[in-house]
Structure formats: structure tokens, C-alpha cells
Amino acid sequence: MSSPAEYTLEEWKLSILMSDILLRFNGSLPENWLYEILVGSGHMLPFWYDDTLGGLIENGSAVYENTEQGKCVTLTPAGTENVRRTRLLVPKLFRDRVHLTALRYVARQEALRELRIDYEDCGQECCVCLQCSDHGREMFFLRISAPSRDSAEELGERILRNPSRFFGKIIDFALTNEEEPFDLTDN
């Protein structure tokens, strides 16, 4: 059985859903991230997004703020209180679907702040080049050869799912790596 689409929600519930996403991230997200979460992933149509965000701004539930990350949409105290009181009016199925998209998107964007992935074509092969930084200081550089550009990009996408776990396992393996035991019983 297929699940109902978000467009079956009444328009006023879209503003609750948008506010609920903002609330999940301490009431604030860069505006372009919010757009990608809701429109880029197909949860909202672009004109619904514009109307919904415009309504939140107009009624004082959200404001634009300029931050280090650029232009952010931030819930006001009134908007925060409103969404806390009304969030359960949006069916859990819709909330869960959009929240999962938002969590994945924000995790990916935060990973990309400290991780740079490049692809180098080398004849028939392609290399995935990963550079992990901490506050601008290079901590780790890894080049992995793949048989094709497609497989290199797939590998890069898989690493982006959880880069800290990927690099953590490499470091853990390096720290616990032992010399291979030799069998001298036949000597």
C-alpha cells in the first residue's frame, strides 16, 4: 500500500510542519537548507514553500536572521510556542518522513563542512580523494582508486552517509593493528 503524499495536507498544516522542522534544529536553519529539505526533496511545491514561509514571517512566527551560515529562518518565541502546541495536528507519518529527510540533509551539510571530496579521473579509473579537516587544519587525506567514475561517486556518497564513523574505523584499525603472527612450529 502506498503512503499518502504531503500534498494531501491542508495548507495550514504545512506551516506547522515547516515550523516543526525548524524547532528540531533549535528553531533555526539556513534558508537554503530549509528550501532543499522541503522543496528539493519533494515534500512541498515551490509556491507552497514561498506561501508558507511568507505566512510564518508575516504573522511573526519566524524571522530572517543573518548569521555565519548566511540567511537563516528562525522561529520567534511565539512561533516556538505555537508549534509546540499544534505539532500533533500533522499526522505522524508526514512528520516522520520530513524529519528524516531533514536529519539526513543537515548531517550531510555538517559533514561537508569538515570533509572535502574530489574525484580525479585517471584513464579508465577514477580516484576518490577525501580530505578531512578540523577547524581548517588538515587531519586526514585518503585517496581510493575505483574502477569507474560511477563507482567512485557511489563510494563517495556512502562515505558521506557517516564520515565520522568511516574515519573513526580507519583510525581505530590503525591503533589496534597487530603484526601478523608467524607459525614456527615447522622449523
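Residue numbers here run from 1 along each chain, matching the order of that chain's written sequence. Predicted model: local features are reported for residues with pLDDT of at least 70 only, side-chain atom pairs are reported and counted for 80 or more only, and whole-chain, interface and lining totals are derived from all residues. Note that water and hydrogens are dropped before the side-chain values are worked out from all heavy atoms of the structure.

Think of it this way: any DSSP run of H or I at least four residues long counts as a helix, any run of E at least two long counts as a strand, and we number them from the N terminus. Along the chain, Leu115 falls in strand 4 (residues 115-122). Relative accessibility decides the category of a residue: with a 1.4 Å probe and only protein chains considered, values under 20% of the type maximum give buried, values over 50% give exposed, and everything between is partly exposed. A residue is classified by how much of its surface remains accessible, and Leu115, at 4% relative accessible area, is buried. Taking the C-alpha atoms as reference, Leu115 lies 6.2 Å from Ser133; in sequence the two are 18 residues apart. Whether two residues are in contact is decided by their heavy atoms: any pair within 4.5 Å suffices. With sequence-adjacent residues up to four places away left out, Leu115 is seen in contact with Leu130, Gln131, Cys132, Leu160, Pro163 and Phe167.

Moving on to the side chain of Thr80. Residue position: Thr80 is located in helix 4 (residues 77-86). Owing to a relative accessible area of 15%, Thr80 belongs among the buried residues under this scheme. If we ignore the near neighbours within four places in the chain, the residues touching Thr80 are Leu23 and Leu75.

This part is about the pattern of salt bridges. Think of a salt bridge as a Lys or Arg side-chain nitrogen and an Asp or Glu carboxyl oxygen that are within 4 Å of each other. According to the stated counting rule, one finds nine salt bridges in the structure shown. Here Arg149 makes a salt bridge to Glu153, at a shortest N to O gap of 3.0 Å. Of the two residues, Arg149 and Glu153 both sit in helix 6 (residues 149-161), four residues apart, roughly one turn of that helix. The salt bridge partner of Glu154 is Arg158, with a shortest N-O separation of 3.4 Å. Here Glu154 and its partner Arg158 are both found in helix 6, four residues apart, which amounts to about one turn of the helix. Among the residues examined, Arg158 registers a relative accessible area of 47% and is labelled partly exposed. Overlapping salt bridges bring together Asp121, Arg149 and Glu153 as one network.

With that settled, the discussion passes to the packing of aromatic side chains. Within 6.5 Å between ring centres, the rings of Phe, Tyr and Trp (the latter by its six-membered ring) count as paired, and their orientation is classed by plane angle as stacked under 30 degrees, edge-to-face over 60, tilted in between. With the rule as written, the count across this model stands at five aromatic pairs. Measuring from centroid to centroid gives 6.2 Å for Trp33 and Tyr105, while their planes differ by 80°, and the two rings are edge-to-face. Highlighted residues: Trp33 in helix 2 (residues 31-40) and Tyr105 in helix 5 (residues 92-114), separated in sequence by 72 residues. There is no split in this pair, since Trp33 and Tyr105 are both buried. When the centroid spacing of 6.0 Å and the interplanar angle of 75° are considered together, the rings of Phe47 and Trp48 count as edge-to-face. For Phe47, a relative accessible area of 51% translates into the label exposed. Every member of this aromatic cluster is reached through a ring pair, and the members are Phe140, Phe166 and Phe167. Charge over a ring is defined by NZ of Lys or CZ of Arg lying within 6 Å of the ring centre and within 35 degrees of the ring normal. The ring of Tyr64 carries Lys71 above its face, with NZ or CZ at 4.1 Å from the centroid.

It is worth spelling out the pairing of strand 3 (residues 70-75) at this point. In regular strands, side chains alternate between the two faces of the sheet. Strands were regarded as paired on the criterion that DSSP finds at least two bridges between them. Sheet topology note: the strand 1 (residues 28-30)/strand 3 ladder contains three bridges and is antiparallel. Each residue of the ladder has a partner; that of Pro30, found in strand 3, is Cys72. Both strand 2 (residues 62-67) and strand 3 contribute to a ladder of six bridges, which runs antiparallel. Within the sheet, the bridge partner assigned to Tyr64 lies in strand 3 and is Val73. Adjacent in sequence and paired antiparallel, strand 2 and strand 3 are bridged by two residues.

Moving on, we get to the nonpolar core. Buried Ala, Val, Leu, Ile, Met, Phe, Trp, Tyr and Cys residues form a nonpolar core when they are joined through side-chain atoms within 4.5 Å. Ranked by internal contacts, the top residues of the largest apolar core, which has 29 residues, are Met18, Leu29, Leu34, Leu38 and Tyr49. Contributions of two or more residues to this core are made by helix 1 (11-24), helix 2, helix 3 (46-58), strand 3 and helix 5. The biggest single contributor to this core is helix 1, with seven residues. Other than its neighbours up to four places away in sequence, Leu38 contacts Met18, His43, Met44, Tyr49 and Val98. Ranked by size, the runner-up nonpolar core spans 12 residues in total, among them Leu130, Cys132, Ala152 and Leu160.

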